[in-house]
Amino acid sequence: MNMQQSIANNYMLIPISIGRADPMKHSAVASDAAASECKVSGNVPVRTRVGSLGSLTADLKQVNSKFAAVRTWFYDNTLPFTDAEEGQQKRGKRIVPVNKVPEVLAKLAELKADAFSALDAFMPDYRAYHSARNRADLGRVSDVDMPDPDVLAGKYRITIGAPEPLPVFDVDKLALPAGLAADIAKRHHDRLAKQLDGAKQAAIEGARDHMATVEKQLTDGKRLHQSLLDNAKRHASLLRGMVEGYDNDPRVLEVADLIDERIGSIPNIDQVKYNATRRNQAIRAAGTASKALDAVAKAPSTATPAAPAASNVVAGDSLLADLLD
Amino acid sequence: MAHVKTNIAELDQMARTALASQYRKPFALIGMVGIAKTQWIKSRYRELYAEHLGISTDQVGFIQTRVANRDAAEIAGVALPIKNDDGSVGTQFTKPPLVAELWAAHDAGFTHGINLIDEFGQAGGDVQKVFADMFDPDERTLAGWAIPDGWIIAWTGNRTADKSGANRVLSHIMGRCRVFELEFDAKAWADWAADNGVNPLAIDCAMAYADDGFFADCVPTEDGPFCTPRSLTHAAGDLTAFTDSGDFDGVTLPSYMETLIASSIGARAAGMLSRHIAMADQVPTAAEIFADPAGAKVPDSTGYQLLAANRAINGAADADTGEAALAYIIRLRPDLQVSLGSKLLRASARHGWVLTSNVAVAFIQKFHDLLPLAQDAGMGV
């Protein structure tokens, strides 16, 4: 088994897709009325949105927040698997250490059940409201329709796909000329290394930013919240989960240990509120961790380009790119 | 609940803040025997208090009170029968001798000072109770007698597991003090030892083998001497007496000297020290490695390579010396490279001067699959 295969065996990808309805709809009628009422000059754009579910719009937003919570938790507890560069969109599949997959799936199932419970509780109210009041609460807004309850319910979905292994190129399975196969393997390897390094970088930067927040909040924050400690533990876990299956970077593992020992081990935020000793120790640990992670984040990447030897076969970039994609 | 653990370096930082706080809670250090708890209070805490006050250290009074072998009545004052003005018999308590001693020092010109209650953990519950009000920052009285305003309190004690007769400290005492469990910091001890004339061979050995169990981290189950900073300091005195004599050939400790040293630090540590002295001149020092990591001598023997690298790792204090240590480590045997490089990289992150050079990155790339083995084998920091 090569290095790429062994690293890939340590992680899985979990695809997830979430659908929900946006109850706020643009209304030209309301926009015109608002522009007129506010005496807005003709060339100033005014765009007004109206709650299409009438007086139950706020209730649907509560349901939406339950659906959003699934993605929020998922993004907080997993890492991106993408070769997007700095500043580019990093949505898409998320990477999870193999040993954490059951835990992540269980939590997602729990959150999914919560979300659909909220929707199921809402829908009877909406069906009754829709049949009794349909549009009546929308006043003169004639260009926004109240959605049919079945259509509305159909827009809600949470699909948690089966965990997938990381894509690994197996040169033996393709009957390609040796040189071309080696080139494809190298490109594939480079891309995987970039994606894994991106995940490590995301874990480091997330932990670094949170440690900076912890240091600042504990130094001069007025209201300390338990999430400071809980998120410290979460970031330490993400760091460890990412690094232990990838490059075993001792520097990052030591920082994860430091966070767990000095911050994550504090069971209750009250202990830092009222105990100057623990607070000072946590501040020092957060400062050290933030500084160390910042240095590692800016240092050269440990993504290992140890790949199959470059081929002497000349092949067009577009052909290789097509094959890879 | 476990005590808050700390080390000498952290104590220095915390003490400054604590001294500036409006609550003058006593500093309390508990920990294994012989790890310089009392010494820190006597010297460093006194210096820091002087620094806080803006006066010189010798202007800060210091009174050390050992309470392990005292009764509560000796501390609180003794009840004496008296005849009242109306002829009835009453009771009067004598002024506690410690209060008298503190005020005498105060009146002699030491308006500020530190009263160290030593071996407090060994005191019985009744004695501990007597001190409760004196430790309370809002009370600061002993048996009802106020102590001088400029005098602050500190106490030391062993853990109950240290087989020194220490008791559990009463919970209401814990709430009135800043109690820390002092963990041994070999580097801080080495700095202190170098400044205080401790034999350099003993210091060098302690630094080289600090992570290999040279110092005892708890009291051994079997009776007999064991190595602590204090006992090593005593053994180093014996060593100096021998090395200064004409009997020392520069390399070998005779068996009677090893036995003499073992009576202070135990046979295992004495053996390590003896072997260390025998090999000392074959191994480059940390300073030599830092000065020329690519050219410093790499001994043939694995043990000597380990010693040289440990010297460098323990001596590294910033990114420059850390990088030099890593550059030296990658010249050693491959198995040592993995374990020692991992140890150094972890230490660098822990101390805030994390190594990020191309050499460090290349090291992680090359050995990424072996690094967990080094950690699992306990060879990390």
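The shown structure was predicted, so the numbers you read here are calculated from the model rather than taken from an experiment. (Residues numbered from 1 in each chain as written. Chains lettered and ligands numbered in written order. Predicted model: local features only at pLDDT ≥ 70, side-chain atom pairs only at ≥ 80, totals over all residues. Heavy atoms only, no water.)

Peer 1: Even after reading the chapter, I still don't get the pattern of salt bridges, so can you show me in this structure?
Peer 2: Where side chains of opposite charge bring their charged atoms close, a pairing between them can arise. For the structure on display, the rule yields 32 salt bridges over all chains. In this structure, the salt-bridge partner of Arg346 of chain B is Glu254 of chain A, at a minimum N-O distance of 2.6 Å. Here Arg346 of chain B, found in helix H14 (residues 334–351), pairs with Glu254 of chain A, found in helix H8 (residues 250–264), and the two come from separate chains. By the burial criterion, Arg346 of chain B is buried, and Glu254 of chain A matches it. As a salt-bridge pair, Arg44 of chain B and Asp12 of chain B come within 2.8 Å of each other at their nearest N and O atoms. A residue pair is termed long-range when its members are at least 10 positions apart, and Arg44 of chain B in helix H2 (residues 37–53) and Asp12 of chain B in helix H1 (residues 8–20) qualify at 32 residues. Here Asp12 of chain B falls in the buried class, since its relative accessible area comes to 16%. (Salt bridge = Lys/Arg side-chain N within 4 Å of Asp/Glu carboxyl O. Helix = DSSP H or I, 4+ residues; strand = E, 2+ residues; numbered from the N terminus. Buried < 20%, exposed > 50% of the residue type's maximum accessible area, 1.4 Å probe, protein only.)

Peer 1: Any chance you could explain the layout of surface pockets here in plain terms?
Peer 2: Take a probe with the size of a water molecule and roll it over the atoms, and the empty space left behind shows itself. Residue and element names in this part refer to chain B. Of the voids in this model, the second largest pocket is the one considered here, and its volume is about 800 Å³. If you go around the second largest pocket, you meet 33 residues; those closest to its centre are Ala36, Lys37, Thr38, Gln39 and Trp40. At the level of elements, H1, H2, strand E3 (61–66), strand E9 (151–157), helix H7 (186–195) and helix H9 (229–243) are the ones that each hand at least two residues to the lining of the second largest pocket. At 8 residues, the largest contribution of residues to the lining of the second largest pocket is made by H2. A per-class count over the lining of the second largest pocket returns 11 nonpolar, 12 polar and 10 charged. (1 Å grid on protein atoms, 1.4 Å probe; cavity = no way out; pocket = protein on both sides within 12 Å on 5 of 7 lines; lining within 4 Å. Points joined across faces, edges and corners; volume = space filled by probe spheres on them. Nonpolar A, V, L, I, M, F, W, Y, C, P; charged D, E, K, R; others polar.)

Peer 1: Before we go on, may I ask you to explain the pairing of strand E2 (residues 27–30) of chain B in this structure?
Peer 2: Successive side chains on a regular strand alternate, one facing one side of the sheet and the next facing the other. Residue and element names in this part refer to chain B. Side-chain alternation along E2 places Phe27 and Leu29 on one buried face and Ala28 and Ile30 on a second face that is also buried. Alignment of E2 against E9, held across 4 bridges, turns out to be parallel. Looking across to E9, one finds that Phe27 is bridged to Ala154. With 4 bridges joining them, E2 and strand E10 (residues 178–182) adopt parallel strand pairing. If you follow Phe27 over to E10, its bridge partner there is Arg178. (Pairing = 2+ DSSP bridges.)

Peer 1: Just to check I follow, could you spell out the confidence of the model for chain B for this structure?
Peer 2: A low pLDDT means the predicted coordinates there should not be read in detail. Within chain B, residue pLDDT values average 86, and 97% of them lie at 70 or more. Scoring of the predicted complex yields 0.66 for pTM and 0.75 for ipTM. (pLDDT = per-residue confidence, 0-100.)

Peer 1: Any chance you could explain empty space enclosed by the protein here in plain terms?
Peer 2: Residue and element names in this part refer to chain B. Per the stated rule, a full pass over the model turns up 3 cavities of 30 Å³ or more. Taken as a whole, the largest cavity spans an internal volume of roughly 80 Å³. As for the largest cavity, its lining consists of Ala18, Leu19, Tyr23, Arg24, Lys25, Pro26, Phe27, Tyr45, Ile152, Ile153 and Arg178. Elements supplying a minimum of two residues to the lining of the largest cavity: H1 and E9. Residues belonging to the lining of the largest cavity are distributed by class as follows: 8 nonpolar, no polar and 3 charged.

Peer 1: Looking at this structure, how should I read the sheet that holds strand E1 (residues 4–6) of chain B?
Peer 2: Within a beta sheet, neighbouring strands are joined by backbone hydrogen bonds and run either parallel or antiparallel to one another. Residues and elements named next belong to chain B. The strand order E1-E10-E2-E9-E6-E3 describes an open sheet built from 6 strands, whose pairing is parallel. Of all the strands in the sheet, just E1 and E3 have a single pairing partner and so form its edges. Taking each pair of neighbouring strands and ignoring which way they run, the sheet shows an average axis angle of 25°. Pairing between E3 and strand E6 (residues 113–118): 6 bridges, direction parallel. Looking across to E6, one finds that Phe62 is bridged to Ile114. (Axes fitted to C-alpha atoms, helices over the stretch in contact; angles between N-to-C directions.)

Peer 1: Got a minute to help me understand the packing of aromatic side chains in this structure?
Peer 2: One pass over the full model with this rule turns up 18 aromatic pairs over all chains. With a centroid separation of 5.3 Å and an interplanar angle of 40°, the aromatic rings of Phe27 of chain B and Phe180 of chain B are classed as tilted. Highlighted residues: Phe27 of chain B in strand E2 and Phe180 of chain B in strand E10, separated in sequence by 153 residues. With a centroid separation of 6.2 Å and an interplanar angle of 85°, the aromatic rings of Phe242 of chain B and Tyr256 of chain B are classed as edge-to-face. Within this pair, whereas Phe242 of chain B is found in helix H9, its partner Tyr256 of chain B is found in helix H10 (residues 255–279), the two being separated by 14 residues in sequence. In textbook terms, an aromatic cluster arises when at least three aromatic residues are bridged by ring pairs, as seen for Phe27, Trp40, Tyr45 and Phe180 of chain B. Directly above the ring of Tyr75 of chain A sits Arg94 of chain A, whose terminal nitrogen or CZ lies 4.0 Å from the centroid. (Phe/Tyr/Trp six-rings, centres within 6.5 Å; stacked < 30°, edge-to-face > 60°. Lys NZ or Arg CZ within 6 Å of the ring centre and 35° of its normal.)

Peer 1: Got a minute to help me understand the interface of chain B and chain A in this structure?
Peer 2: If you look at the interface, chain B gives 27 residues, while chain A gives 33 residues. Where chain B abuts chain A, roughly 2,500 Å² becomes buried across the two surfaces, and 59% of that area is made up of carbon and sulfur atoms. On the chain B side of the interface with chain A, the three residues burying the most area are Arg346, Arg350 and His368 of chain B, jointly 27% of the side's total. Connecting chain B to chain A are 6 salt bridges. (Contact = heavy atoms within 4.5 Å. Buried area = accessible area lost by both parts, 1.4 Å probe.)

Peer 1: Would you mind showing me how to read the side chain of Asn199 of chain B here?
Peer 2: Note on placement: Asn199 of chain B falls in the loop between H7 and helix H8 (200–208). A polar contact of 2.8 Å, which involves the side chain of Asn199 of chain B, links it to the backbone nitrogen of Leu201 of chain B. (Polar contact = N/O pair within 3.5 Å; in protein donor to acceptor, adjacent residues only side chain to side chain.)

Peer 1: Before we go on, may I ask you to explain the sheet that holds strand E1 (residues 11–14) of chain A in this structure?
Peer 2: Residue and element names in this part refer to chain A. Strand order across the open sheet formed by 4 strands is E5-E6-E1-E8, with antiparallel pairing between neighbours. The strands lining the two open edges of the sheet, one partner per strand, are strand E5 (79–80) and strand E8 (164–165). Taken together, the 4 bridges between E1 and strand E6 (residues 94–97) define a ladder with antiparallel strand orientation. Bridged to Met12 within E6 is Val96. Across the sheet, helix H4 (residues 101–133) lies against E1 and E6, angled at about 20° from E1, the strand it touches most.

Peer 1: Before we go on, may I ask you to explain the environment of His351 of chain B in this structure?
Peer 2: Its location among the elements puts His351 of chain B in helix H14. Considering only alpha carbons, one finds His351 of chain B and Asp318 of chain B, 33 residues apart in sequence, at a separation of 8.4 Å.

Peer 1: Teacher, can you tell me more about helix H5 (residues 125–135) of chain B here?
Peer 2: The α-helix winds at 3.6 residues per turn, so residues separated by three or four positions along the chain end up facing the same way. Those residues of H5 of chain B that fall on the buried side of the exposure criterion are Val127, Gln128, Val130, Phe131, Ala132, Met134 and Phe135 of chain B. Those residues of H5 of chain B that are buried lie in contact with helix H3 (72–76), helix H4 (97–107), E6, strand E7 (141–142), E9 and helix H6 (171–174) of chain B.

Peer 1: Could you clarify how one ought to interpret the state of the cysteines in this entry?
Peer 2: Such a bond, covalent and formed between the sulfur atoms of two cysteines, is termed a disulfide. Taken as a whole, this structure holds 0 disulfides over all chains when the rule is applied. We note that Cys227 of chain B lacks a disulfide partner, and the nearest cysteine sulfur, in Cys205 of chain B, lies 8.2 Å from it. (Disulfide = S-S within 2.5 Å.)

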